[in-house]
Amino acid sequence: MIECKDLWLTYPGAAQASVCGVSLSLAPGEFVTLLGPSGCGKTSTLRSVAGLEAPSSGSIRIGQSLVFDGGKGVQTPTHSRDISMVFQSYAIWPHMTVQQNVAFPLEVARTAREEIRTRVEDALRMVGLSAYATRSATQLSGGQQQRVAIARALVRRSSVMLLDEPLSNLDAKLREQMRLELRELIKTVGLTALYVTHDQEEALMLSDRIALMSSGRILEEGTPQELYLRPRTRFGATFLGAAEIFDVAGISGSDIDTPDGPLQLTVEAGGVAHVAIRPEAIVATQSGCAPGASGSPVANRWSGRLVSAIFSGRQQQLVVELHSGRRVNVLAPPTSAFRVGAPITLEFPAERLMPLAEGSS
Ligand SMILES: Nc1ncnc2c1ncn2[C@@H]1O[C@H](COP(=O)(O)OP(=O)(O)OP(=O)(O)O)[C@@H](O)[C@H]1O
Ligand SMILES: [Mg+2]
């Protein structure tokens, strides 16, 4: 439904390109998120798809139409692309009612009066604002204003919706609620969505697929589970959540030597530069005499000393000091009892170890 091929975008006067060879395809009805830190080129990529920026080269197809081609000089104007947009700043017009705000894109397109009425009613119903149609837009809460912005995008009945951090102006609680509502709405209508956020949790919860960006490039791409459980790069491992990362000192088959102890992967370890694990994947036990506590170290089962344990309701945050002196963060179930200062064994399940490739940023 959307296909970007080798997009490059350099802003006038800029020393470096902001989008560097981005290629991305979205199937019809797919929800794909561009995730990455501030300044990595998410908005620039989205605005290129919208036709609000002119890339230097590459091509963009939306549905059957070629809307941009650097080589052929094709650049379809925004209003002629089969898209709608929702931004962080809702850009609600304060002097208009809710109804008028939502009707605006159709008025501009000179849609017939009756058609406008039904479409606006439909859109307001979908976002749960039918009762607010005649209210002034300024008399709405932040969440309601964002719903108006979404209704104004829905009213176009385009196949593709582009969303740039649409929830980031809302407070934490409302943001969580709107997240699920938004996904449900987009799925119900059957829209293809390209969504931009720097919030990893939002990306994980909303997306069918995530494209992780860094310095203008897509570094990794996959389903939320693929990216969270099996990142390929150090950047991917740390951006999607907390990770303990161990350097590789030596490799033999699937056995890895690290300065902190031996690890064994489920796969051959050729080309692995680091091995990472999520704190919640590490199993901490403190009962009796732990294997590996004395004698030769055992792979994936290291011992150390419990430095601190903080109970936070849902879990316990442990800090464990290994024999190497390195401290490791572990998330343990809230029900286990731990003695601070006492020896502790950490188990690293092989299937939760995440091998990270050499040369990955
Ligand atoms: N209009 C512009 N003119 C010149 N440079 C720009 C312009 N817009 C963005 N840039 C630069 O391009 C790079 C990418 O910016 P972009 O807005 O795409 O990042 P982003 O990933 O959306 O970041 P954020 O999460 O902060 O919104 C940045 O270095 C930025 O300074
Ligand atoms: Mg941005």
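This one's a predicted model, so the numbers in the text were calculated from it and none came from an experiment. (Residues numbered from 1 in each chain as written. Chains lettered and ligands numbered in written order. Predicted model: local features only at pLDDT ≥ 70, side-chain atom pairs only at ≥ 80, totals over all residues.)

Asks: What exactly am I supposed to notice about the overall build of the protein chain here?
Replies: Secondary structure assignment for the protein chain yields 8 helices and 22 strands. Sorting the 361 residues of the protein chain into buried and exposed places 38% on the buried side. For the protein chain, the share of sequence-separated contacts (at least 6 apart) that also reach a separation of at least 24 residues comes to 63%. (Helix = DSSP H or I, 4+ residues; strand = E, 2+ residues; numbered from the N terminus. Buried ≥ 20, exposed ≤ 12 C-beta atoms within 10 Å, placed from the backbone. Contact = placed C-beta atoms within 7 Å.)

Asks: How should the domain arrangement of the protein chain be read in this particular structure?
Replies: Where interface size is given, it is often the accessible area lost as the parts come together that is meant. Splitting the protein chain by domain gives domain 1 (2-234) and domain 2 (243-357). Put simply, the middle of domain 1 and the middle of domain 2, counted by C-alpha atoms, are 41 Å apart. On the domain 2 side, the residues contacting the 5 residues of domain 1 number 5 residues. For the side of domain 1 that touches domain 2, the residue count by class is 1 nonpolar, 1 polar and 3 charged. (Domains from an automatic or database assignment. Nonpolar A, V, L, I, M, F, W, Y, C, P; charged D, E, K, R; others polar.)

Asks: It is not clear to me how the site of ligand 1 should be interpreted in this structure. Could you clarify?
Replies: Lining the immediate environment of ligand 1, one finds Tyr11, Ala14, Ser18, Gly36, Ser38, Gly39, Cys40, Gly41, Lys42, Thr43, Ser44 and His198. Tallied by class, the residues present in the shell around ligand 1 amount to 3 nonpolar, 8 polar and 1 charged. (Near = placed C-beta within 6 Å.)

Asks: What is the right way to read the pairing of strand β15 (residues 261-264) from this model?
Replies: When a strand is regular, its side chains alternate between the sheet's two faces. Both strand β14 (residues 255-258) and β15 contribute to a ladder of 4 bridges, which runs antiparallel. Each bridged residue has a counterpart across the sheet, and for threonine 258 the counterpart in β15 is glycine 261. Linking β14 to β15, which pair antiparallel, is a turn of 2 residues. (Pairing = 2+ DSSP bridges.)

Asks: Help me understand the sheet that holds strand β19 (residues 316-322), please; the structure alone is not making it clear to me.
Replies: Sheet strands line up and pair through hydrogen bonds in the backbone, either parallel or antiparallel. With antiparallel pairing, 5 strands are arranged side by side in an open sheet as β17-β21-β18-β19-β20. Each end of this open sheet is capped by a strand with a single partner; those strands are β17 (283-285) and β20 (327-332). Strand-to-strand twist of the sheet, defined as the mean angle between neighbouring strand axes without regard to direction, takes the value 40°. (Axes fitted to C-alpha atoms, helices over the stretch in contact; angles between N-to-C directions.)

Asks: What is the right way to look at helix α4 (residues 142-154) in this model?
Replies: Within an α-helix, residues lying three or four positions from one another point in the same direction, as the helix has 3.6 residues per turn. A rise of 1.5 Å per residue sets the reference length of α4, with its 13 residues, at 18 Å; its end C-alpha atoms lie 18 Å apart and thus fit the reference within 8%. For α4, the buried fraction is high: 11 of the 13 residues fall into the buried class. Those residues of α4 hidden inside the fold are in contact with β7 (83-86), α2 (98-108), α3 (113-126), β8 (160-164) and α5 (172-189). (Expected span 1.5 Å × (residues − 1).)

Asks: What exactly am I supposed to notice about unusual backbone geometry here?
Replies: Leaving glycine aside, a negative phi is the common case for residues, and trans is the common case for peptide bonds. Phi angles above zero are rare outside glycine, and arginine 110 is one such case at about 55°. Within the secondary structure layout, arginine 110 lies in the loop between α2 and α3. For glutamate 165, which is not glycine, the phi torsion reads 45° and is therefore positive. Relative to the helices and strands, glutamate 165 is located in the loop between β8 and α5.

Asks: How should I be thinking about the nonpolar core in this particular structure?
Replies: A general feature of soluble globular proteins is that nonpolar side chains tend to end up buried together. Counting 66 residues, the largest nonpolar core has Val102, Ala151, Met161, Leu162 and Leu194 as its most contacted members. In terms of residues, this core owes the most to one element, α4, which gives 6 residues. Discounting chain neighbours no more than four positions away, the residues touching alanine 151 are Val102, Ala123, Leu124, Met126, Val127 and Leu129. (Core = buried A, V, L, I, M, F, W, Y, C linked by C-beta atoms within 7 Å.)

Asks: I tried to follow helix α1 (residues 42-50) on my own but got confused; where do I start?
Replies: Within α1, 9 of the 9 residues are buried, which leaves it mostly tucked inside the rest of the structure. Among the residues of α1, Lys42, Thr43, Ser44, Thr45, Leu46, Arg47, Ser48, Val49 and Ala50 are the ones counted as buried. Following α1 by one or two positions, glycine 51 has its phi on the positive side, about 85°.

Asks: So what exactly am I meant to see when it comes to the packing of α4 against α5 here?
Replies: To describe two helices that pack against each other, one gives the angle between their axes and the distance between the axes. Following both chains from N to C, one finds α4 and α5 inclined at 15°, their axes separated by 12 Å at the closest point. Between α4 and α5, the angle is such that the two are roughly parallel. Classified by chirality, the crossing of α5 by α4 is right-handed. Contacts between α4 and α5 pair Gly142, Gly143, Gln146 and Leu154 from the former with Leu174, Met178 and Val189 from the latter. (Parallel < 35°, antiparallel > 145°, perpendicular 65-115°, else oblique. Left-handed = near helix turned anticlockwise from the far one by under 90°.)

Asks: Honestly, the environment of alanine 276 in this entry has me stumped. Any pointers?
Replies: Within the secondary structure, alanine 276 is located in strand β16 (residues 272-277). On the basis of neighbour counts, which here come to 21 C-beta atoms within 10 Å, the residue alanine 276 falls in the buried class. Expressed as a C-alpha distance, the spacing of alanine 276 and glutamate 244, which sit 32 residues apart in the sequence, is 5.4 Å. Not counting residues within four places of it along the chain, the set of residues in contact with alanine 276 comprises Ala237, Ala243, Glu244, Ile245, Met354 and Leu356.

Asks: Where do I start with the sheet that holds strand β4 (residues 57-62) in this structure?
Replies: An order of β2-β1-β4-β5-β6 is seen for the 5 strands of this open sheet, with the pairing classed as antiparallel. Of all the strands in the sheet, just β2 (19-26) and β6 (74-75) have a single pairing partner and so form its edges. Relative to strand β5 (residues 65-69), β4 runs antiparallel, the two sharing 4 bridges. Paired with serine 59 across the bridge in β5 is aspartate 69. Of the strands in this sheet, β1 (2-9), β2 and β4 touch α1, which is tilted by about 120° from β1.

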